[in-house]
Amino acid sequence: MPTVSVGRDRLFAALGKSYTKEEFEDLCFCFGIELDDVTTEKAIIRKEKHLDEEGDENDEEVIYKIEVPANRYDLLCLEGIAQALRVFNKQQEIPKYTLSDVSKDSMLQMHVKPETSSIRPYVVCAVLRDISFDEASYNSFIDLQDKLHQNICRRRTLVAIGTHDLDTLQGPFTYEALPPSHINFVPLKQTRDFTADELMEFYKSDLKLKKYLHIIENSPLYPVLYDQNRTVLSLPPIINGAHSAITLKTKNVFIECTATDLTKAKIVLNTMVTIFSEYCKRKYQVEPVEVVYADGRSYVYPDLSAYNMEVSLSYINHTIGVSLEAEEVTSLLNRMQLHAERSASGNNQWNINVLVPPTRSDVLHPCDVMEDVAIAYGYNNIPKRKPASVKPLALNEFSDLMRLEIAMNGFTEVLTWILCSSKEISTMLNRQTDESTAVVGNPRTSDFEVVRTTLMPGILKTIGHNKDHPKPIKIYEVGDVVLLDEKKDVGASCRRRLAALYCGANSGFEVIYLTVLTKNFTCELNNC
Amino acid sequence: MAEEAILGYLEKNEQISDSGNFAAERGFDHNDVVNVIKSLHGFRYIDAQDIKRETWVLTGEGKKYAAEGSPEVQLFLAVPAEGSISKDELQKKLDPAVFKIGCSQAGKNKWVEMGKQVSRKVQNVEDKVKDLLLQVQNGHALSKEEISSLKARKLIVPQTWKGYSVRKGPNYAPKRKKAATDLTRENLQKGDWKELEFKEYNFNAKGQPAEGGHLHPLLKVRKQLKDIFLQMGFEEMPTNNFVESSFWNFDALFQPQQHPARDSHDTFFLEEPSTTRELPEDYVERVKRVHESGGYGSRGYGYEWKREEANKNLLRTHTTAVSSRMLKALAEKPFAPKKYFSIDRVFRNEAVDRTHLAEFHQIEGLVCDRGLTLGDLIGVLHDFFSRLGMSKLRFKPAYNPYTEPSMEIFSYHEGFGKWVEVGNSGMFRPEMLLPMGLPEDVHVIAWGLSLERPTMILYGIDNIRDLFGHKVDLGLIKRNPICRLGIS
């Protein structure tokens with residue numbers, strides 16, 4: 001699960017209101033993200049440098065670390081989270097993303113040379129016109145690229161993003177693949193120029209960049225982007241050129257994504273431009289670029305078209321287990337940034353027409369729409385349907401657990417008669433006759449005179465008939481006895497008893513005591 | 001002997017007034033008598049009252065003078081009756097300590113003239129000190145001044161003498177009976193059990209541990225959970241296959257091939273056998289298509305699906321791999337609803353710490369039927385978790401590649417005073433079920449949690465390696481109480 005660090009106060013400003021930590025956690029819980037950690041900028045740096053805590057943290061910027069679902073690339077930065085939550089809270093309408101009205105002739109072009117197909121076949125591009133960065137949004141822009149590189153781009157192997165100050169460049173652009181020695185430029189953060197193979201050597205000691213060298217290292221041709229003046233824009237997926245580096249003052253941004261997976265490249269480009277078009281003079285408007293392949297095929301990017309999905313209302317209701325009206329469903333979906341309208345289908349049924357925006361590449365199937373309805377409705381508001389099931393009888397389950405434990409202590413179980421003679425529960429046990437005894441009126445013999453009030457006769461008689469059995473003899477029984485009981489309708493009730501017996505050359509009291517009464521049972525036996 | 005004397009005496013007499021006298025009269029060591037009295041008193045044969053007496057005893061120095069005479073007298077006697085003796089010669093005649101003290105005392109008493117020459121000042125002297133010491137030694141009393149002077153010279157020290165006066169106690173008998181610690185066969189055969197006195201049981205003593213067998217705590221919890229599932233009408237899935245192919249573990253579940261979970265840092269891939277021998281080809285085709293281009297109402301992932309990836313063998317990362325095999329088998333027959341469960345080992349290539357292991361047990365339950373809803377999932381979760389003692393539940397939207405909707409299950413923990421995550425759940429995606437051939441209106445709801453976590457919370461164990469594995473303390477297994485999960 002990816003984690004995004006956002007400044008708390010900046011986030012609340014973007015949400016237009018301040019929350020307490022509990023209120024914000026609640027909001028996250030309902031939406032499906034999680035406030036993982038609260039820290040400060042300085043604390044993060046201290047942790048990275050393994051320094052100790054230092055004094056007053058009150059005036060340090062509070063950072064919220066928010067965990068977002070792995071398939072929501074639109075939530076990988078503050079702007080994306082804030083927008084999603086604003087729409088969820090009905091504070092904002094779903095933005096409508098459009099391409100700016102540029103004729104095909106005046107559109108910037110990226111020409112793709114055929115050699116690139118051997119190493120990194122695809123490229124997609126776009127322009128953000130008249131954009132205004134401040135320090136926070138600039139950092140956010142850089143961080144988003146980083147997050148995308150780590151996640152969907154699979155550490156730049158599938159897609160690599162390059163962002164450039166368009167005013168330092170001149171189109172049309174070319175995307176080529178050349179032998180490393182033929183590529184020469186001043187890379188970002190350096191002052192002298194390098195050839196591409198010199199750069200590979202140079203970056204072997206760079207902690208951050210050495211991880212990406214393997215992607216193109218062994219290829220005879222390296223991918224490279226040029227503008228009309230043969231200025232190198234970037235050597236993907238390694239590094240951009242210093243010439244076109246973006247600064248706080250940059251007004252026009254050129255974005256190129258080279259890739260081995262076109263679907264993901266488009267998702268990445270769409271994510272970058274939709275989120276940051278918020279800062280353009282013409283909000284939510286993106287300037288297109290035409291990509292022309294050597295064989296003449298050409299495509300206009302970004303592809304901001306919404307994906308149209310028709311979902312039946314009954315599917316939504318019958319899968320969630322609610323009965324919502326079509327209007328309710330469309331308003332719930334709008335809160336999830338899915339533009340929805342109802343339309344009638346035959347036989348009095350409703351369909352929901354959903355326009356899935358370019359920011360929601362996670363929506364693949366009507367079930368994704370259905371989930372969003374459930375989330376906006378609130379999972380905890382959905383009525384539960386109890387399934388049929390059976391419950392165990394606690395007393396019997398517990399008795400069986402006890403029987404097992406005692407047997408494991410080396411005792412042998414016996415099962416003896418419930419009926420016995422009245423002597424056996426009185427004088428033979430050296431006891432007074434128990435007044436609570438259930439007495440049989442018509443016993444055939446003395447063996448059936450009474451219902452046992454204790455398990456003692458049974459186990460004692462068992463010993464009596466096993467006198468020659470090797471000693472020590474350890475036996476036990478778990479079973480019911482009957483006692484008179486005025487609280488029962490019939491006047492008598494069963495009670496569950498456990499009896500254990502040790503017979504040997506000594507009394508063996510401690511054997512019984514330790515086995516039965518201690519350690520194994522965490523309950524009070526007199527509850528039985 | 002002393003015991004018989006004391007008990008015998010009390011048979012005919014009211015009391016022994018002074019143990020000291022009693023001992024002296026009969027030639028017993030008073031310490032022996034004291035020990036016997038204490039022991040008899042403990043068993044209430046007698047009642048003893050303390051007696052205290054202050055006496056004086058001679059110090060080592062005092063004993064020396066009592067035998068040899070005080071140093072001043074020794075010195076006096078070393079000085080000739082007539083004439084004098086040089087100090088040095090006198091010194092040579094006597095013990096250095098005797099000389100030193102003798103000089104000062106004799107001088108104090110004005111018995112001798114001290115100088116370079118020493119001579120007698122008086123004719124005779126009495127050795128009062130020696131007499132007094134002998135008197136003390138014989139136990140005679142002295143006057144206060146006499147005591148003071150001896151005490152000042154550190155010749156005597158006070159001593160408290162403790163003794164007893166003794167009467168019959170409640171358990172008095174002329175002869176002490178020995179307490180038996182157990183009743184034996186011999187006692188019964190001889191008949192002496194009638195007179196035996198038994199030592200009291202000490203219920204606080206730990207005693208010998210009982211010899212017997214013990215079941216493992218984790219597996220006790222597993223048994224209870226299995227019972228819970230059976231009572232809810234679930235059938236157990238066969239899970240005895242740790243080696244699984246990526247196809248059944250990931251692809252069949254609509255988990256894309258470039259998903260982070262399929263990285264070697266999360267999954268154990270096998271070197272031997274490295275690839276699966278066979279897969280159901282028709283089904284593989286359908287799975288490939290749904291990943292690449294969708295179908296069954298889906299957009300698909302839009303990437304190139306590779307057979308080699310699917311062929312890779314691994315140690316299963318979840319028992320959902322078994323569930324997908326079971327659902328496929330179900331789809332091959334005319335449809336009948338089913339409830340399945342399993343509790344078995346899964347493998348994750350993760351860093352080991354206090355709460356995470358490379359192997360652990362996953363509990364999984366699933367219901368497969370027509371017309372199931374999210375409300376049914378919530379209902380079955382309430383039923384299941386309430387049997388574990390968790391009846392306050394909340395659900396949070398989550399993400400799994402193979403379920404949509406997905407819900408994380410939170411339960412309110414009274415002890416911690418907060419909501420804790422207890423499991424994960426969801427409805428399997430159509431992209432997973434439809435390629436199997438299950439009818440369109442059949443939905444599958446499922447949930448899972450680990451076995452270790454609830455066990456650790458139940459038994460208050462905070463390091464998972466204390467519970468599971470070879471580093472476990474056998475004593476913990478032996479001490480572990482029965483598990484009553486599922487029994488209200």
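All values derive from a computational prediction rather than experimental measurement.

Draft legend 1. Fine view of the UniProt feature "domain: B5" (unreviewed entry) in chain A. The UniProt entry lists residues 304-384 of chain A under the feature "domain: B5" (unreviewed entry), expressed in the numbering used here. In residues 304-384 of chain A, the share of helix is 37% and the share of strand is 26%. The end C-alpha atoms are 39 Å apart.

Draft legend 2. Geometry of the nonpolar core. Ranked by size, the top nonpolar core spans 142 residues in total, and within it Phe24(A), Phe384(B) and Phe385(B) carry the most contacts. Residue contributions to this core peak at eight residues, all from helix α7 (residues 262-276) of chain A. Contact partners of Phe385(B), with chain neighbours within four places excluded, come to Met390(B), Leu393(B), Ile409(B), Val422(B), Trp447(B) and Leu449(B). Membership of the second largest hydrophobic core comes to 34 residues, among which are Leu364(A), Trp248(B), Leu279(B) and Phe335(B).

Draft legend 3. Seen up close, the interface of chain A and chain B. Listed as interface residues are 67 residues of chain A and, on the opposing side, 72 residues of chain B. Between chain A and chain B, a total of about 5,800 Å² is buried, with carbon and sulfur atoms accounting for 56% of that surface. Contact with chain B buries surface across chain A, with Phe29(A), Leu364(A) and Tyr379(A) losing the most and accounting together for 12% of the total. Scanning the region where chain A abuts chain B turns up four salt bridges. The partner of Lys396(B) in a salt bridge is Glu34(A), with the nearest N and O atoms 3.7 Å apart. Inspection of the region where chain A meets chain B yields 25 residue pairs in polar contact (both at pLDDT 80 or more). Contributing elements (two or more residues each) for the side of chain A that touches chain B: α2 (21-31), α7, α8 (313-320), α10 (366-377), α11 (394-408) and α13 (509-517) of chain A. A per-class count over the side of chain A that touches chain B returns 35 nonpolar, 17 polar and 15 charged.

Draft legend 4. Layout of the packing of aromatic side chains. This structure, assessed with the given rule, holds 34 aromatic pairs over all chains. On the numbers, 5.3 Å between centres and 70 degrees between planes, the contact of Phe242(B) with Phe347(B) is edge-to-face. Here Phe242(B), found in the loop between β9 (235-236) and β10 (243-245), pairs with Phe347(B), found in strand β12 (residues 338-347); they are 105 residues apart in sequence, far enough to count as distant. Exposure remark for Phe347(B): the relative accessible area of 8% places this residue in the buried category. Taking the ring centre of Tyr307(A) as reference, the NZ or CZ of Arg299(B) above it sits at 4.0 Å. A cation sits over an aromatic face here: Lys328(B) above Tyr283(B), 5.0 Å from the ring centre.

Draft legend 5. Up close: the state of the cysteines. Applying the stated criterion to the full structure yields zero disulfides over all chains. Between Cys153(A), a free cysteine, and Cys257(A), which holds the nearest cysteine sulfur, the sulfur-to-sulfur gap is 7.3 Å.

Draft legend 6. Local environment of the pairing of strand β18 (residues 339-345) of chain A. Residue and element names in this part refer to chain A. When β18 meets strand β19 (residues 349-356), the two strands line up antiparallel, connected through seven bridges. Paired with serine 343 across the two strands is asparagine 351, which belongs to β19. The hairpin turn running from β18 into β19, its antiparallel successor, is three residues long, and asparagine 347 in that turn takes a positive phi close to 40 degrees.

What counts, and at which threshold
Residues numbered from 1 in each chain as written. Chains lettered and ligands numbered in written order. Predicted model: local features only at pLDDT ≥ 70, side-chain atom pairs only at ≥ 80, totals over all residues. Heavy atoms only, no water. UniProt positions renumbered as here; feature names shortened; annotations may be inferred. Helix = DSSP H or I, 4+ residues; strand = E, 2+ residues; numbered from the N terminus. Core = buried A, V, L, I, M, F, W, Y, C linked by side-chain atoms within 4.5 Å. Buried < 20%, exposed > 50% of the residue type's maximum accessible area, 1.4 Å probe, protein only. Contact = heavy atoms within 4.5 Å. Buried area = accessible area lost by both parts, 1.4 Å probe. Salt bridge = Lys/Arg side-chain N within 4 Å of Asp/Glu carboxyl O. Polar contact = N/O pair within 3.5 Å; in protein donor to acceptor, adjacent residues only side chain to side chain. Nonpolar A, V, L, I, M, F, W, Y, C, P; charged D, E, K, R; others polar. Phe/Tyr/Trp six-rings, centres within 6.5 Å; stacked < 30°, edge-to-face > 60°. Lys NZ or Arg CZ within 6 Å of the ring centre and 35° of its normal. Disulfide = S-S within 2.5 Å. Pairing = 2+ DSSP bridges.

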